[in-house]
Amino acid sequence: MDIFEYMRSTSMEKESPLAARMRPRVLEEVVGQEHIIGKDKLLYRAIKADKISSVIFYGPPGTGKTTLARVIANTTSAEFTQINATVAGKKDMEEVVSKAKELQGMYGKRTILFIDEIHRFNKSQQDYLLPFVEDGTIILIGATTENPYFEVNGALISRSIIFELKPIPKDAVKELLRKAVTDEERGMGSYRAVIDEEALDFLADIAGGDARHALNAVELGVMTTERGEDDQIHITLEVAQECIQKRAARYDKNGDSHYDTISAFIKSMRGSDPDAAVYYLARMLYAGESVTFIARRIMICAAEDVGNADPQALVVATNASLAVERIGMPEAQIILSQAAVYVACAPKSNASCEAIAQALGEVERSGSLPIPTHLQDAHYKGAAKLGHGTGYKYAHDYPNHYVEQQYLPYELSGREFYNPSGNGYEVKIREHMKRIREEAQNNS
């Protein structure tokens, strides 16, 4: 490193954003993620022993993926190289691999390659890394906000250990903010700022586990707030509210959050919790999810989980779907809320869903069994001469518009697929079916 590079590095270290300056340098400074870096955990032991293998860090923004890579860089004896998949290409990887081979051959030194946002690499770029990860030329550390099982080459996945990082707990974020305000070496301590407990609670809560988001707000507050009469900068709740922008919803329509949120929405409706259902609906609407997509999921839940316990649920859901297409946002959110709450509060039965599932299973097992002759169509040419339709009993000619006869294929005689539950309207269905069958037997 020449004098100019040294001066540039020193200047950047002092002038870089607070979140970058406060980045932990050693494992002991890392907050949260005890489930993977607790002292008895595999990753902690591997970093301490400098025996790291290829890993992929997966989690939301601001949870410490790059931080852990930097900690490894600070503790390892291996050559550490970092590239970002948003700007790097195959040529950059070729240079890393070439240097890694040289270091390995001449000095027996390992090379760790950290690829930030590895999901941005296309398939061919990821494929290029495979043989070098396989033979140990490089040790790969990937970081991604997307589910690696969807976005990263399966072969790379099989050669790596996946560590999922969780949103940083609120208390840990608060402690980090306190340190950032008072730390004179890397934080804002030289500004003589103080932060109120209410402001800490607010910032730690609205950050949603994203430490970077909270630190950026603190830095903005300190840098833009005038000193008080006591010559100190006071970060109050009002200041904190001004300095933090509307939280960006952690929701990618093509990623994990999309599937997790819609799953929670459906399970809340199925579980008869209207409060949770409308909360997850709000999260999807806040993030800009398609109202037609949400409406389709409500219709499916109405049929699958409510079914005939309340047949009106599907009517409400279907009409809501039509209404949101015609009206659009923002009024569509009211219609979706009505439908979601109705479905959540409706009595539940999956009997009709189970019925088709069992019937499909039977068809798969037994194939197309012969349809009883008396049910076959007698109207097409020559059908009557073959006996099709002969002996069919017209239900409306009998009491209760019901008559016993063989409807299922004879091989499935007596088989039941639909068993009405004891919930909602299905109680009436079950009682009705029992009554007309008993009366038919008594009249026979």
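All figures in this text were calculated on a predicted structure; none of them were measured in a lab.

Some words on the packing of helix H6 (residues 90-107) against helix H7 (residues 123-134)
Next, step 1: Across the interface, H6 lies against H7 with an axial gap of 10 Å and an inter-helix angle of 10°. Between H6 and H7, the angle is such that the two are roughly parallel. Judged by residue contacts, Lys90, Met93, Glu94, Val97 and Lys101 of H6 engage Gln125, Tyr128, Leu129 and Phe132 from H7.
Next, step 2: Residues of the contact of H6 with H7, tallied by class, amount to five nonpolar, one polar and three charged.

A closer look at the sheet that holds strand S3 (residues 111-116)
Next, step 1: Judged by pairing direction, the sheet is parallel, and its five strands sit side by side in the order S2-S3-S4-S1-S5 without closing on themselves. In this open sheet, the two edge strands, each paired with only one partner strand, are strand S2 (79-84) and strand S5 (161-164). With strand direction ignored, the average angle separating the axes of adjacent strands in the sheet is 15°.
Next, step 2: Pairing geometry for S2 and S3, over six bridges, is parallel. Residue pairing in the sheet places Asn84 in a bridge with Asp116 of S3.
Next, step 3: Contacting strand S1 (55-58), S2, S3 and strand S4 (139-144), helix H5 (residues 65-75) crosses the sheet at an angle of about 145° to S1.
Next, step 4: The sheet contacts of H6 involve S2 and S3, and relative to S2 the element is tilted by about 175°.

Thoughts on the pairing of S1
Next, step 1: Every second residue of S1 is oriented toward a common face, with Val55 and Phe57 on one face and Ile56 and Tyr58 on the other, all of them buried.
Next, step 2: Pairing between S1 and S4: four bridges, direction parallel. Each bridged residue has a counterpart across the sheet, and for Ile56 the counterpart in S4 is Gly142.
Next, step 3: In terms of strand pairing, S1 meets S5 through four bridges, oriented parallel. Each residue of the ladder has a partner; that of Phe57, found in S5, is Phe163.

Quick word on the packing of helix H15 (residues 274-286) against helix H18 (residues 332-345)
In helix packing, the relevant descriptors are the interaxial angle and the interaxial distance, both defined with respect to the helix axes.
Next, step 1: Where H15 meets H18, the axes come as close as 9 Å, and the angle between the chain directions of the two elements is 150°. On the basis of the axis angle, H15 is roughly antiparallel to H18. Between H15 and H18 lies a crossing whose hand is right-handed. On H18, the residues touching Pro274, Ala277, Val278, Leu281 and Leu285 of H15 are Gln333, Leu336, Ser337, Ala340, Val341, Ala344 and Cys345.
Next, step 2: Looking at the contact of H15 with H18 residue by residue, the class counts come to 10 nonpolar, two polar and no charged.

Topic: a nonpolar patch on the surface
Next, step 1: A surface patch of nonpolar side chains, amounting to about 390 Å² of accessible area, comprises Tyr149, Phe150 and Tyr259.
Next, step 2: Tracing the chain through its elements places Tyr149 in helix H8 (residues 148-151).
Next, step 3: The exposure class assigned to Tyr149 is exposed, which follows from its relative accessible area of 58%.

Digging into H5
Next, step 1: Along H5, the residues classified as buried are Lys65, Thr66, Thr67, Leu68, Ala69, Val71 and Ile72.
Next, step 2: Next to the buried residues of H5 lie helix H3 (34-37), helix H4 (42-48), S1, S2, S3 and S4.

Topic: unusual backbone geometry
Next, step 1: Note the cis peptide between Met329 and Pro330, where omega equals 10°.
Next, step 2: Take Pro330: it is sitting in the loop between helix H17 (312-327) and H18.

Quick notes on the packing of aromatic side chains
Next, step 1: Per the counting criterion, the structure on display carries five aromatic pairs.
Next, step 2: Relative to Phe132, the ring of Tyr128 lies with its centre 5.3 Å away and its plane at 55°, an arrangement referred to as tilted. Within this pair, Tyr128 and its partner Phe132 are both found in helix H7, separated by four residues, close to a single helical turn. With respect to class, Tyr128 is no different from Phe132; both count as buried.

Focus on the pairing of S3
Next, step 1: Burial runs high along S3: six of the six residues are buried.
Next, step 2: By the alternation rule, side chains of S3 split into Thr111, Leu113 and Ile115 and Ile112, Phe114 and Asp116, which are all buried.
Next, step 3: The β-α-β motif built from S2, the intervening H6 and the parallel element S3 has right-handed crossover chirality.
Next, step 4: The β-α-β motif built from S3, the intervening H7 and the parallel element S4 has right-handed crossover chirality.

Quick look at the environment of Lys51
Next, step 1: Residue placement: Lys51 occurs in the loop between H4 and S1.
Next, step 2: Between the alpha carbons of Lys51 and Lys101 there is a distance of 19 Å; along the sequence they are 50 residues apart.

Description of the pattern of salt bridges
Next, step 1: This model, assessed by the stated rule, comprises 21 salt bridges.
Next, step 2: For Glu197, the salt bridge identified is with Lys174, shortest N-O distance 2.9 Å. With Glu197 in helix H11 (residues 197-206) and Lys174 in helix H10 (residues 170-182), the pair connects residues that are 23 residues apart, well separated along the chain.
Next, step 3: Looking at Lys174, the relative accessible area reads 10%, which means it is buried.
Next, step 4: Across the pair Arg435 and Glu439 runs a salt bridge whose closest N-O atoms are separated by 3.6 Å. With Arg435 and Glu439 both in helix H20 (residues 426-443), this residue pair falls four residues apart, about one helical turn.
Next, step 5: The partly exposed category is assigned to Arg435, whose relative accessible area is 38%.
Next, step 6: Its relative accessible area of 32% is what places Glu439 among the partly exposed residues.
Next, step 7: Here the salt bridges share partners, and the residues they tie into one network are Lys174, Glu175, Arg178, Glu197 and Asp201.

Rules of the game
- Residues numbered from 1 in each chain as written.
- Predicted model: local features only at pLDDT ≥ 70, side-chain atom pairs only at ≥ 80, totals over all residues.
- Heavy atoms only, no water.
- Axes fitted to C-alpha atoms, helices over the stretch in contact; angles between N-to-C directions.
- Helix = DSSP H or I, 4+ residues; strand = E, 2+ residues; numbered from the N terminus.
- Parallel < 35°, antiparallel > 145°, perpendicular 65-115°, else oblique.
- Contact = heavy atoms within 4.5 Å.
- Nonpolar A, V, L, I, M, F, W, Y, C, P; charged D, E, K, R; others polar.
- Pairing = 2+ DSSP bridges.
- Buried < 20%, exposed > 50% of the residue type's maximum accessible area, 1.4 Å probe, protein only.
- Left-handed = near helix turned anticlockwise from the far one by under 90°.
- Patch = residues over 30% accessible without salt bridge, like charges linked within 9 Å, V, L, I, M, F, W, Y side chains within 5 Å.
- Areas by Shrake-Rupley, 256 points an atom, 1.4 Å probe, with all protein chains shown as cover.
- Salt bridge = Lys/Arg side-chain N within 4 Å of Asp/Glu carboxyl O.
- Phe/Tyr/Trp six-rings, centres within 6.5 Å; stacked < 30°, edge-to-face > 60°.
- Right-handed = clockwise from strand over helix to strand, strands pointing away.

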